[in-house]
Amino acid sequence: NSDSANILANRAAIARRMMSGFGAGEVSMGMPFELNLPKFEELAEYDVAYLAYSLQTGEEELYLGYVRWLHSMLAGHGLPGEVIVPMALANLNRSVREVVTLQNPGLVDALFEAARTVPAGAAAHPETFLRPEGALASLAAEYLDRIVHSDRRGALDLVRQAIERKVEIAELYLNVFEPVQREVGRLWQMQKISVAHEHFASGTTQMAMSMLYEQIFKNDARRTGCAMVAACVGDELHEIGLRMVADLFEMSGWDTVFLGASAPMQAIATMLRETGANLLALSCSMIVHVENIRRTIEFLRENGFADLTILVGGFPFNLSPQLAGIVGATGYAPDARTAIVEARRFCPG
């Protein structure tokens, strides 16, 4: 709708107005080093983007999910979410009205009213991604313990030992690497580990994955005759989840090209033409990058790829799968396993 488009187009101005509405004492209230003023400015822009996309999709859960995450993040930092969140919601509501003229202010009011009802403790301790009854559960728990304690050598040894025991590489990806990386994100969110630990953990998992590439690319799997390109677009730097997806497609017999983070849309188009790919997989972890995915898909649809199968994934799409249709994608997958199942509908092989 016009309100959501207006808010999205003016999100930087709204975020700046929102920040100017905080008093210096309110912004610095018990704020630790990692949650400095630039961090609050970044969060303000996320807040505006989640609001806009929630209005556009008509799904209030998209915004309420963000508010729950915000409560959890603040609780992890020991900050009073029950004070900060209502103050931020009121400030954002006021800032939106000062920057743009709303055609349907009642919808905005209703969304803010729903957000104010989210309990402060509702997501302070989000549920773990590691399941004790899951396949390779003990290995996943031990691997997590090694990487959060900066024991790279020990973590890599666990992977080597698993391969020696003939654990399938795909099972390592699906039941160790994927849930452990999600758990690392949860631990950071709760401030159980630092940003430095989170980066170390991701780097170690990428190293573990690279150790397995010689076996992955032996092409022992029956080739399907299908090809896929995977990329993160715009300023999106979180590539490890999509890298796992591409590797699992390779193990399933697809020919894959992984372009990594911040891939330009023209480069994606070039690679699609060169490979004759059946599928493009795009991912983003932050709501502010959804618009980059939409623009990329629009560019591709207008430049020779009108019928290309495009799957999207990442945290914003997990909150609202309806976003996939809004950005022009063919479909959405919440995880690597589902992505492969979905892809087989379009290229059975």
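Bear in mind the structure is a predicted one, so any value in this text is a computation, not a measurement.

Peer 1: Which residues make up the pattern of salt bridges, and what are the values?
Peer 2: Counted under the stated rule, the structure contains 16 salt bridges. Its salt-bridge partner being Arg-131, residue Glu-127 comes within 3.4 Å of it at the nearest N-O pair. For Arg-131, a relative accessible area of 37% puts it in the partly exposed group. Note that Arg-295 and Glu-291 form a salt bridge whose closest N and O atoms lie 3.9 Å from each other. With Arg-295 and Glu-291 both in helix H15 (residues 290-302), this residue pair falls four residues apart, about one helical turn. Using a relative accessible area of 38% as the deciding quantity, one classes Arg-295 as partly exposed. Given a relative accessible area of 15%, Glu-291 falls into the buried group. The network of salt bridges with common partners includes Glu-291, Arg-294, Arg-295 and Glu-298.

Peer 1: Go over the packing of aromatic side chains, please, and point to the residues and values.
Peer 2: Within this structure, the stated rule accounts for eight aromatic pairs. Summarising the aromatic geometry, the rings of Tyr-50 and Tyr-66 are spaced 4.6 Å apart at their centres and angled 20° between planes, so their arrangement reads as stacked. Separated by 16 residues along the polypeptide, Tyr-50 in helix H4 (residues 37-57) and Tyr-66 in helix H5 (residues 60-76) bring together distant segments of the chain. By relative accessible area, which is 4% here, Tyr-50 ends up buried. Between the aromatic rings of Tyr-213 and Phe-217, the centroid separation amounts to 5.8 Å while the plane-to-plane angle is 85°, which identifies the pairing as edge-to-face.

Peer 1: Can you tell me about the confidence of the model for the protein, naming the residues and giving the values?
Peer 2: The share of residues in the protein with pLDDT of 70 or more is 91%, and the mean pLDDT across the chain is 87. Ranking the helices and strands of the protein by mean pLDDT puts helix H9 (residues 152-164) first, with 97, and helix H3 (residues 24-27) last, with 46. Overall, residues 24-35 carries pLDDT values under 50, and its contacts beyond four positions in sequence, including any with other chains, amount to 26 contacts.

How each quantity is defined
Residues numbered from 1 in each chain as written. Predicted model: local features only at pLDDT ≥ 70, side-chain atom pairs only at ≥ 80, totals over all residues. Heavy atoms only, no water. Salt bridge = Lys/Arg side-chain N within 4 Å of Asp/Glu carboxyl O. Buried < 20%, exposed > 50% of the residue type's maximum accessible area, 1.4 Å probe, protein only. Helix = DSSP H or I, 4+ residues; strand = E, 2+ residues; numbered from the N terminus. Phe/Tyr/Trp six-rings, centres within 6.5 Å; stacked < 30°, edge-to-face > 60°. pLDDT = per-residue confidence, 0-100. Contact = heavy atoms within 4.5 Å.

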